[in-house]
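Residues per chain are reported as follows:
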Amino acid sequence: MFGLVEKKSTLKLEDAIYDGVLEAGKGWMHELKEGQRFMILDMEGNQAVDTTFYDLETPEDHYSAIKTIVAQKNIYLTTGTILRAESGEPLLTITADMTGRHDTLGGACSSQSNKVRYALEKEHMHNCRDNFMQQLANNMNGLNKRDLAPNINFFMNVPVTKEGGLKFDDGVSAPGKYVEMEALKDVMVLISNCPQLNNPCNAYNPTPVRLLIWEA
Ligand SMILES: [Zn+2]
């Protein structure tokens, strides 16, 4: 069982070849070449960063929560986790992690989940699925909502109870905490920096994250 073990990065922030801030609620899409490292840094703490990946060679082969969970026999993602595609192909591996736990069961928030989980009038509130769709439409020719599958919610704490229930709990992250991964092949990263205002995962307060890439 993974027990919230912190593992620090060995990389220097000033050596990054990409260093940008993704504002709260915004989407982002970017290529990662094999061997490059990628870091998501939680600037203000308890932000949920909805993320998925595509194999650049065969973009219809996207990240698979099930393949990832089954291969490592654990539902939580942390250092050492291999993030796998639908085909089972390893896409990335987590190389450092300051929170020790990330969710891949909860899925991305959507207009449907806003309506079902919270209230009818929340249906039209800004959500991750719409961010994903917009980024896909702008950056990946030919991919659409059928290419969205259960994603990763970095920094999000969704413990599973003894009875098998899912809880959306307070975040375990804090300002300056980060997760770092290495691309095991060329991939496309798709992020929605969750705009959700109805869920304690981001303390009801979406905040910016810093995104960094290092050369292989
Ligand atoms: Zn969201």
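Located above this text is the structure these notes cover.
Criteria and thresholds
- Think of each chain on its own: its residues are numbered from 1, step by step along the sequence as written.
- Predicted model: local features are reported for residues with pLDDT of at least 70 only, side-chain atom pairs are reported and counted for 80 or more only, and whole-chain, interface and lining totals are derived from all residues.
- With hydrogens and water set aside, each side-chain value is computed from the structure's full complement of heavy atoms.
- Secondary structure follows DSSP: runs of H or I at least 4 residues long count as helices, runs of E at least 2 residues long count as strands, and numbering of each begins at the N terminus.
- Burial status follows relative accessibility: with a 1.4 Å probe on protein chains alone, a residue under 20% of its type maximum counts as buried, one over 50% as exposed, and anything between as partly exposed.
- Within 3.5 Å is the distance limit for a polar contact, defined as a pair of N or O atoms, with the added protein rule that one can donate a hydrogen and the other accept it, and that residues adjacent in sequence qualify only through two side-chain atoms.
- Contacts were defined at the residue level, with two residues in contact if any of their heavy atoms lie within 4.5 Å.
- Between any two strands, pairing holds if DSSP finds at least two bridges.
- Where helices are involved, their axes are fitted lines through C-alpha atoms of the stretch in contact, as for all axes, and angles between N-to-C directions lie from 0 to 180°.

Digging into the side chain of Asp55
Step number 1: Position of Asp55 relative to the elements: it lies in strand S4 (residues 49-55).
Step number 2: The class for Asp55 is buried, based on a relative accessible area of 2%.
Step number 3: Side chain to side chain, Asp55 and Lys185 meet in a polar contact 2.9 Å long.
Step number 4: Here Asp55 is in contact with Asp61, Glu89, Leu91, Lys185 and Asp186, once residues within four sequence places are set aside.

Points about the sheet that holds strand S7 (residues 152-154)
As a general point, the strands of a sheet are linked pairwise by backbone hydrogen bonds and lie either parallel or antiparallel.
Step number 1: What the four strands build is an open sheet, ordered S2-S9-S4-S7; its pairing is antiparallel. In this open sheet, the two strands that pair with only one neighbour each are strand S2 (27-32) and S7. Going across the sheet, the axis of each strand differs from the next one's by a mean of 30 degrees, ignoring polarity.
Step number 2: Two strands pair when backbone bridges link them, and S2 and strand S9 (residues 187-193) are joined in this way by six bridges, in the antiparallel orientation. Each residue of the ladder has a partner; that of His30, found in S9, is Val189.
Step number 3: Relative to the sheet, helix H3 (residues 128-139) contacts S2, S4 and S9, its axis offset from that of S9 by approximately 140 degrees.

In short, geometric facts, not functional conclusions.
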